[in-house]
Amino acid sequence: VTHDVTFTCMGCDMRLLAEGVNHEAIRAARTLLDAIDARLSRFRTDSELARLNADPRPTVPASPLLRAAVGAALWAAERTRGLVDPTLLDDLERHGYTGSLAGGPRVALADALAAAAPRAPASARPDARWRAVRIDNRAGTITRPPGLRLDTGGTTKGLAADAAAHVLAGARRLVVDCGGDLCVAVGSGAAPFEVTVAHPLTGARAATLRVAGGGVATSGLARRLWSRPDGRPAHHLLDPATGEPAWTGLISATALAPTTLEAEALAKAALLRGLAGARRVLGRRGGVLVHDDGAVESVEARVRRGGVLVHDDGALGATA
Amino acid sequence: VYGGSAVAFVAVLAALSWQVAAGADPAIGEGEQAAAAPAKRVLVRRVVRRVVETDEAPATVAAASATPAPSAATPAVPAAPTTRSS
């Protein structure tokens, strides 16, 4: 039996594509994703994350799920040397990202690129505020400086995809798609998946990745894009050092990694680093970059693990 | 004498019979394990079934997505998974 279940969650389109699991497992995975959405959304005032951010105490009791989500965000910050920073919520809201942007961009990407600031790579905040956040799993608490609010949105979908795939472990072939961030698992002897990389300007296929396992994630400017009151375009990927939307010369970066959490972190870091830095970020396991002008570039993997990149013209390249 | 011999013979015969029946024939030692029964061949008919669930009517495909939302009319082969900006 092949299950192919689509639904909306976390403001995104979700998909569970699984062979060789029963309906109860599918239901359990979906329940988990809904719970993650309810507990970790910063747009729900009753979510545990929103309550943590509103709590004036420096140390706050936190559920295992919230501790895992904050822990994942801190891990991503460490992994990307502060580029994927979970402490930029004030800046995001200052630019107008105060509610879900589900439903698509408010501004066309091509128009935003034409009006955007000069291109420059992003960099981490020198004070690395995220390092001040502490998780105590024994006490079941999270400690952070008063007033420092956390946003786990940069890593939650990857974490959720990995967690849902864990619930569906044992599937012969499996893809958990959390808004375009994929966790792939293929059993012994089963065929790998051919994953399409969508072009951020056209929606057409930019490349195809043949993936037998692990995470695939894309970070880009196309979906969460809006106009600020002064007319300048804004998007959700901020330069941590300036707190401003990052215009780096890239509009999309796709990363492969052993987990979706890591792929999501690497994709964001690649986009924020700009072209030269992105090639280094993606160089270990490979990936795909889309430049501002729409050009598609595949990044060859230094570590080959069986993945194959198939371009539209039929050319092959090594990936994960 | 003959009567005693006959009784002794019957007793020894009974003991040997019991040993043989128990699978411990003193002449051949412990009997080999019975050969494993040949595996039953079970003919399995593979039934391929595909379950498609959607919450809502398929939405308009977003500009940055190349994945059509599956519906009840989805063809037999599932749409390729797509990674995209989220």
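All values derive from a computational prediction rather than experimental measurement. (Residues numbered from 1 in each chain as written. Chains lettered and ligands numbered in written order. Predicted model: local features only at pLDDT ≥ 70, side-chain atom pairs only at ≥ 80, totals over all residues. Heavy atoms only, no water.)

Caption draft 1: Main features of the overall build of chain A. A count of helical and extended segments in chain A gives seven helices and 17 strands. Relative to the compact-globule value of 20 Å for 320 residues, chain A shows a C-alpha radius of gyration of 19 Å, a close match. Each principal axis of the C-alpha distribution contributes one length, and for chain A these read about 55 × 50 × 35 Å. Among the 320 residues that make up chain A, the fraction classed as buried is 59%. (Helix = DSSP H or I, 4+ residues; strand = E, 2+ residues; numbered from the N terminus. Rg over C-alpha atoms; globule rule 2.2 N^0.38 Å. Buried < 20%, exposed > 50% of the residue type's maximum accessible area, 1.4 Å probe, protein only.)

Caption draft 2: Representation of the interface of chain B and chain A within the structure. Each partner contributes residues to the interface: chain B has 24 residues there, and chain A has 42 residues. Across the chain B to chain A interface the summed buried area is about 2,600 Å²; carbon plus sulfur atoms make up 49%. Our count for the chain B to chain A interface comes out at one salt bridge. Here Asp177 of chain A ties to Arg84 of chain B by a salt bridge, and the two come within 3.2 Å at their closest N and O atoms. For the pair chain B and chain A, the number of links is seven residue pairs in polar contact (both at pLDDT 80 or more). Among the secondary structure elements, those contributing two or more residues to the side of chain B that touches chain A are β3 (50-54) and β4 (82-83) of chain B. With five residues, β3 of chain B is the single largest residue contributor to the side of chain B that touches chain A. (Contact = heavy atoms within 4.5 Å. Buried area = accessible area lost by both parts, 1.4 Å probe. Salt bridge = Lys/Arg side-chain N within 4 Å of Asp/Glu carboxyl O. Polar contact = N/O pair within 3.5 Å; in protein donor to acceptor, adjacent residues only side chain to side chain.)

Caption draft 3: Spatial organisation of the layout of surface pockets. In this structure, the largest pocket occupies an estimated 720 Å³ of space. Residue composition of the lining of the largest pocket, grouped by class: 15 nonpolar, 13 polar and nine charged. (1 Å grid on protein atoms, 1.4 Å probe; cavity = no way out; pocket = protein on both sides within 12 Å on 5 of 7 lines; lining within 4 Å. Points joined across faces, edges and corners; volume = space filled by probe spheres on them. Nonpolar A, V, L, I, M, F, W, Y, C, P; charged D, E, K, R; others polar.)

Caption draft 4: Spotlight on the pairing of strand β6 (residues 173-178) of chain A. Residue and element names in this part refer to chain A. Burial analysis of β6 places six of its six residues in the buried class, which makes it a mostly covered element. Every second residue of β6 is oriented toward a common face, with Arg173, Val175 and Asp177 on one face and Leu174, Val176 and Cys178 on the other, all of them buried. Of the pairings in the sheet, the one linking β6 to strand β7 (residues 181-186) comprises six bridges and is antiparallel in character. Looking across to β7, one finds that Leu174 is bridged to Ala185. What sits between the antiparallel neighbours β6 and β7 is a turn of two residues, in which Gly179 has the positive phi angle 60°. (Pairing = 2+ DSSP bridges.)

Caption draft 5: Layout of the packing of aromatic side chains. Residue and element names in this part refer to chain A. Counted under the stated rule, the structure contains two aromatic pairs over all chains. Plain terms: the ring middles of Phe43 and Tyr97 are 5.7 Å apart, the flat faces sit at 45° to each other, and that makes the pair tilted. In this pair, Phe43 sits in the loop between α1 (23-40) and α2 (48-54) while Tyr97 sits in the loop between α4 (89-94) and α5 (109-115), placing the two residues 54 residues apart along the sequence. For Phe43, a relative accessible area of 32% corresponds to the partly exposed category. With relative accessibility at 7%, the residue Tyr97 sits in the buried group. Ring centres 5.3 Å apart and planes at 45° place the aromatic pair Tyr97 and Trp226 in the tilted group. A residue pair is termed long-range when its members are at least 10 positions apart, and Tyr97 in the loop between α4 and α5 and Trp226 in strand β11 (residues 225-227) qualify at 129 residues. By the burial criterion, Tyr97 is buried, and Trp226 matches it. A cation over an aromatic ring shows up here: Arg30 above the ring of Phe7, its NZ or CZ 4.3 Å from the ring centre. (Phe/Tyr/Trp six-rings, centres within 6.5 Å; stacked < 30°, edge-to-face > 60°. Lys NZ or Arg CZ within 6 Å of the ring centre and 35° of its normal.)

Caption draft 6: Geometry of the side chain of Lys157 of chain A. Tracing the backbone through its elements, the reader meets Lys157 of chain A in helix α6 (residues 156-167). The side chain of Lys157 of chain A sits in the buried core without any salt bridge; Glu264 of chain A is the nearest counter-charge, 4.7 Å away. Those residues in contact with Lys157 of chain A, other than ones at most four positions away along the chain, are Met10, Cys12, Cys178, Asp181, Arg224 and Glu264 of chain A together with Ser86 of chain B. (Lys, Arg positive; Asp, Glu negative; His and termini not counted.)

Caption draft 7: Region of interest: a nonpolar patch on the surface. A contiguous nonpolar patch, built from Phe9, Val10 and Leu13 of chain B and spanning about 310 Å² of accessible area, is present on the exposed surface. Position of Leu13 of chain B among the secondary structure elements: in helix α1 (residues 2-21). (Patch = residues over 30% accessible without salt bridge, like charges linked within 9 Å, V, L, I, M, F, W, Y side chains within 5 Å. Areas by Shrake-Rupley, 256 points an atom, 1.4 Å probe, with all protein chains shown as cover.)

Caption draft 8: Broad picture of unusual backbone geometry. Residue and element names in this part refer to chain A. The residue Arg81 is not glycine, and still its phi comes out positive at about 55°. Within the secondary structure, Arg81 is located in the loop between α3 (64-79) and α4. One non-glycine residue, Ala128, lies in positive phi territory at about 40°. Relative to the helices and strands, Ala128 is located in the loop between α5 and β4 (134-136).

Caption draft 9: The packing of α1 of chain A against α3 of chain A, seen in detail. Residue and element names in this part refer to chain A. Put simply, α1 and α3 touch, their axes get as near as 10 Å, and they point 80° apart. Classed by the angle they form, the pair α1 and α3 counts as roughly perpendicular. Taken together, the residues of α3 that come into contact with α1 (itself represented by Ala35, Ile36, Arg39 and Leu40) are Leu65, Leu66 and Ala69. By residue class, the composition of the contact of α1 with α3 is six nonpolar, no polar and one charged. (Axes fitted to C-alpha atoms, helices over the stretch in contact; angles between N-to-C directions. Parallel < 35°, antiparallel > 145°, perpendicular 65-115°, else oblique.)

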